[in-house]
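Below, each chain spelled out in residue letters.
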Amino acid sequence: MSWRLSAGLRPWLLQRLSAVYLLLFLGYAIFHWSGGALDHQAWRAWVAHPAVNIGLALFFAALLLHAWVGGRDVAMDYVRPPFLRYAVLVVLGLGLTAMGLWVMRILFSVTAVTA
Amino acid sequence: MKQHINRPVHLDLLKIRQPVMALVSILHRASGVLMVLLLPAFIYGFDLSLRNAEGFHRVSTLLQSDFVKWLVVASAWLLAHHLLAGVRFLLLDFHIGIAKHSARRSAWLVHAGAALVAILTMAAIS
């Protein structure tokens, strides 16, 4: 499929694939932590575990991509003035990127100290 | 042309009675936008809870306050509604439950399920 023809399909598919991963990881995390009190050490060890750490990194990547496609759809549907739409998309993009870097730093810092 | 003069010339959302499926759709969008706005607060809590035992304690103290409790219940409702509606949309993508009566029933189930999750969350943290 050509680039132009797939232009609408790619975000559509991305939105659904990211949704499925978010659902699966959230289900796993809720199942893992349901029942039983939580303490800092166990919580941190869980996040620092390599598989969970990577799983969480993918979770936040999927979450931010999902938020981008969703926010972009909402902006394209409801924000009509071109300048305002552009401003909304720029703020959303920068905000989500900042949140992504913040989460990356958190996930790295947890593994760095316990290693 | 004259007989058309009483036609509505605009779509007044408050005058149109939306079907329950439309309410699921718009709440899916609204909940998504609201959760993006709440996301920095959650990342902050995630950061603080992992930093050290003191930060973890501070997050659990924050969770005792009425405002944060209210926020958690609201977030649980938003997330539950968004997830249930999302699963419903995925099933509809595969033409599962696409008939009008089943689509209407699943729309009601989304609203009811989200409300149930909110009530259970409220019971769990109060």
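What you see is a predicted model; the values in this text were computed from it and never measured.

Novice: Would you explain the overall build of chain B in this entry?
Specialist: Scanning chain B from N- to C-terminus turns up 4 helices and 0 strands. The order of α-helices and β-strands along chain B, N terminus first, is α-α-α-α. Expected size for 126 residues packed as a compact globule is a radius of gyration near 14 Å; at 20 Å, chain B overshoots this value by more than 25%. Projecting the C-alpha coordinates of chain B onto the three principal axes gives extents of approximately 75 × 35 × 25 Å. Within chain B, buried positions represent 17% of all 126 residues. Looking at chain B alone, contacts between residues at least 24 apart form 74% of all its contacts between residues at least 6 apart.

Novice: Quick question: what am I supposed to make of the overall build of chain A here?
Specialist: Summing up its helical and strand segments, chain A has 4 helices and 0 strands in all. Counting from the amino terminus, chain A carries its helices and strands in the arrangement α-α-α-α. Radius of gyration (C-alpha) of chain A: 18 Å, far over the 13 Å computed for a compact globule of 115 residues. Considering only contacts in chain A between residues 6 or more positions apart, those separated by 24 or more positions represent 78%.

Novice: What's the story with unusual backbone geometry in this structure? I'm lost.
Specialist: It is generally the case that most residues other than glycine have a negative phi and that most peptide bonds are trans. All names here are of chain B. The phi angle at His 95 is positive, at roughly 60 degrees, despite the residue not being glycine. Assignment of secondary structure puts His 95 in the loop between α3 (66–93) and α4 (100–125). Under the C-beta neighbour-count criterion, His 95 is labelled exposed, with 8 such atoms within 10 Å.

Novice: Would you take a moment to explain helix α3 (residues 50–78) of chain A for this structure?
Specialist: Count 3.6 residues to each turn of an α-helix, and residues three or four apart come out pointing the same way. Over its 29 residues, α3(A) extends 42 Å from the first C-alpha to the last, a length consistent with the 42 Å expected when each residue adds 1.5 Å. Listing the buried residues of α3(A) in full gives A:Leu56, A:Phe59, A:Phe60, A:Ala62, A:Leu63, A:His66, A:Ala67, A:Trp68, A:Gly70 and A:Gly71.

Novice: Honestly, the nonpolar core in this entry has me stumped. Any pointers?
Specialist: Grouped together as the largest cluster of nonpolar side chains are 14 residues, with contacts concentrated most on A:Leu22, A:Phe59, A:Phe60 and A:Leu63. Every element with two or more residues in this core is listed here: α1 (9–33), α3 and α4 (82–114) of chain A together with α1 (20–51) of chain B. The element contributing the most residues to this core is α3(A), with 7 residues. Contact partners of A:Phe60, with chain neighbours within four places excluded, come to A:Gly100 and A:Val103. Ranked by size, the runner-up nonpolar core spans 11 residues in total, among them B:Trp77, B:Leu78, B:Ala80 and B:Leu83.

Novice: Just to check I follow, could you spell out the environment of B:Leu120 for this structure?
Specialist: Residue placement: B:Leu120 occurs in helix α4. Here the alpha-carbon distance between B:Leu120 and B:Leu13, two residues 107 residues apart in the chain, equals 32 Å.

Novice: Before we go on, may I ask you to explain the confidence of the model for chain B in this structure?
Specialist: Interpreting fine coordinate detail is not advised for predicted regions of low pLDDT. Averaged over every residue, the pLDDT of chain B is 92; residues scoring 70 or more account for 94%. Per the prediction output, this complex has pTM 0.89; the corresponding ipTM is 0.90.

Novice: Help me understand the packing of α3(B) against α4(B) in this model?
Specialist: Packed helices, taken two at a time, are described by the angle their axes make and the gap between the axes. Residues and elements named next belong to chain B. One way to put it is that α3 packs onto α4 with a least axis distance of 8 Å and a crossing angle of 150 degrees. On the basis of the axis angle, α3 is roughly antiparallel to α4. Pair α3 / α4 crosses with right-handed handedness. Facing Lys 69, Val 72, Val 73, Ala 76, Trp 77, Ala 80, His 81, Leu 84, Ala 85 and Arg 88 of α3, the residues of α4 in contact are Ser 106, Val 110, Gly 113, Ala 114, Val 117, Ala 118, Thr 121, Met 122 and Ile 125. When its residues are assigned to classes, the contact of α3 with α4 shows 13 nonpolar, 4 polar and 2 charged.

About the criteria used
Residues numbered from 1 in each chain as written. Chains lettered and ligands numbered in written order. Predicted model: local features only at pLDDT ≥ 70, side-chain atom pairs only at ≥ 80, totals over all residues. Helix = DSSP H or I, 4+ residues; strand = E, 2+ residues; numbered from the N terminus. Rg over C-alpha atoms; globule rule 2.2 N^0.38 Å. Buried ≥ 20, exposed ≤ 12 C-beta atoms within 10 Å, placed from the backbone. Contact = placed C-beta atoms within 7 Å. Expected span 1.5 Å × (residues − 1). Core = buried A, V, L, I, M, F, W, Y, C linked by C-beta atoms within 7 Å. pLDDT = per-residue confidence, 0-100. Axes fitted to C-alpha atoms, helices over the stretch in contact; angles between N-to-C directions. Parallel < 35°, antiparallel > 145°, perpendicular 65-115°, else oblique. Left-handed = near helix turned anticlockwise from the far one by under 90°. Nonpolar A, V, L, I, M, F, W, Y, C, P; charged D, E, K, R; others polar.

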